[in-house]
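This is what each chain is made of:
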Amino acid sequence: MSSVEEIIGRTDPNDFDAILGMTNTDVEETIHYVEDHADCIYTWDYEKGARPQLEKLYEKAKKGQWNGETDLPWDTDVDQEKLATQEYDEVGALDAFIDFSGTGVEKWVRKDWIKFNMESQNWALSQFMHGEQGALVCTAKIVETVPWIDAKYYAATQVVDEARHVEVFSKYLDTKLSDSYPINIHLRMLLDEIVRDSRWDMTYLGMQIMVEGLALAAFGFLYQQTREPLLKQLLRYVMSDEARHVAFGVLSLKEAYAGMNQSELRERQEFAFEAALRMRDRFLQQEVWDRMGADVSKILPIVSQNPERLEFQHLLFSKIVPNCKKLGLLDAGDGWLREKFGEIGVIQYENWVDIEEEVDAFAITRELEAESALG
Ligand SMILES: [Fe+2]
Ligand SMILES: [Fe+2]
């Protein structure tokens, strides 16, 4: 068993000095190395469908393939500033419900908040792109390390899904938005840790359950919120893949965890908690405030304690918590993870939507069939 300090490097999850003390020092580098300690596993058992649910998912994945270049309306004209202005005029700025007195931000005027909206979008889509590359690498690793043929087949389809996701987010940033951001340090630390771990199920837990579960919720918000038709369709298509990916994680880990003892499960609980905190920290978008010239050390404690922001932040965990429950991780042992998720305010989602139902709800098979009928 590890202490909270051993797991996340600080005793208090809300220690903002420690959170801000971590910065990305290799922002100028184009290559980042991580040592991967895992064994590559071959299986000589080729019986397809030995795990029928995985096989079913593999067949769905083959039908759900789309082409990032040709299936999205890239000729859409996107005026980011106009959209950011509209957002400001309709929704207002954060200072409508957060008191920024004494931070310098209280002096911001309309044009600063519009710029802030644009930077927030640049930042959010950049982090999605980096996270997608994490998923690309992790699923390639799963192809190598998982011992079951049905899982290798499925993971192979996910590799191409993730390549497409990196491609479309990168193209959107490049051709439609005003700027981009390097990877956030908390996200990078989490991705590094997932890749570094030698145990194949940890790649699944970190990526398929935690990172992708959160991404699915975040994409869902953005999808509801945006009126930009290209981004809306892009997210709709990405979400159709992501719902399958999370289901792949749940199906595989249910079997793997069924055979584990308490101390092995405790290690998984600790890993899930660490991932949850890293992802929460990543959503503080410290780089945006910094680029806008704000004093981040004054801003973060204020913004992160705001009840409305907190509610949004908690909602991001609405897919993760039910899946952890389904895997038995909430209550394994003495219910350590249930207690920890309670402390960070997300346990109330334990009975939310079942991911296996969402695979069909989000599927775009019908759209793709209609498209191919049109020729
Ligand atoms: Fe993805
Ligand atoms: Fe994914």
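Residues numbered from 1 in each chain as written. Chains lettered and ligands numbered in written order. Predicted model: local features only at pLDDT ≥ 70, side-chain atom pairs only at ≥ 80, totals over all residues.

A tally of regular secondary structure across the protein gives 17 helices and 0 strands. Scaling as 2.2 N^0.38, a compact globule of 375 residues should have a C-alpha radius of gyration of about 21 Å, and the protein matches this with 21 Å. In terms of overall dimensions, the protein has a C-alpha envelope of 65 × 60 × 40 Å along the principal axes. Per-residue burial over the protein gives 40% buried out of 375 residues. (Helix = DSSP H or I, 4+ residues; strand = E, 2+ residues; numbered from the N terminus. Rg over C-alpha atoms; globule rule 2.2 N^0.38 Å. Buried ≥ 20, exposed ≤ 12 C-beta atoms within 10 Å, placed from the backbone.)

Taking 1.5 Å of rise per residue, the 12 residues of helix H7 (residues 185-196) would be expected to cover 16 Å, and the 16 Å separating its terminal C-alpha atoms lies within 8% of that figure. Of the residues making up H7, those classed as buried are Ile185, His186, Leu187, Arg188, Leu190, Leu191, Ile194 and Val195. The secondary structure elements touched by the buried residues of H7 are helix H5 (110-145), helix H8 (200-225) and helix H10 (262-282). (Expected span 1.5 Å × (residues − 1). Contact = placed C-beta atoms within 7 Å.)

The end-to-end C-alpha separation of helix H4 (residues 80-91) is 16 Å, in line with the 16 Å expected for 12 residues at 1.5 Å each. Looking one or two residues past H4, Gly92 carries a phi angle of roughly 85°, positive in sign.

Here we take up the environment of Ala135. Within the fold, Ala135 resides in helix H5. Sequence-wise, Ala135 and Leu368 are 233 residues apart; in three dimensions their C-alpha atoms are separated by 24 Å. Apart from residues lying up to four places away in sequence, Ala135 is in contact with Glu162, Met207, Val211 and Glu212.

Attention now goes to the nonpolar core. Counting residues in hydrophobic clusters, the biggest one holds 75 residues, and the most contacted among them are Met210, Ala272, Ala276 and Cys324. Counting residues per element, this core draws most heavily on helix H9 (residues 229-258), at 14 residues. For Ala272, the contacting residues outside a window of four places in its chain are Leu205, Met210, Cys324, Leu329 and Leu337. Of all hydrophobic cores here, the second largest spans 12 residues; its members include Phe16, Trp123, Ala294 and Val303. (Core = buried A, V, L, I, M, F, W, Y, C linked by C-beta atoms within 7 Å.)

What follows deals with the confidence of the model for the protein. For any part of a model where pLDDT is low, the fine detail of the predicted coordinates should not be relied upon. The share of residues in the protein with pLDDT of 70 or more is 97%, and the mean pLDDT across the chain is 90. Across the protein, the secondary-structure element scoring lowest on mean pLDDT is helix H17 (residues 365-374), at 70, and the one scoring highest is helix H6 (residues 149-176), at 98. (pLDDT = per-residue confidence, 0-100.)

What follows deals with unusual backbone geometry. Its identity is not glycine, yet Gln285 carries a phi of approximately 40°, on the positive side. Residue position: Gln285 is located in the loop between H10 and helix H11 (286-291). Of the residues examined, Gln285 has 19 C-beta atoms within 10 Å and is grouped as partly exposed.

Another point: the environment of Leu57. By the element assignment, Leu57 lies in helix H3 (residues 52-63). Leu57 gets classed as buried once you count the C-beta atoms within 10 Å, which come to 24. Taking the C-alpha atoms as reference points, Leu57 and Met279, 222 residues apart in sequence, are found 27 Å from one another. The contact partners of Leu57, leaving out residues within four places of it in the chain, are Tyr154, Arg244, Ala247, Phe248 and Leu251.

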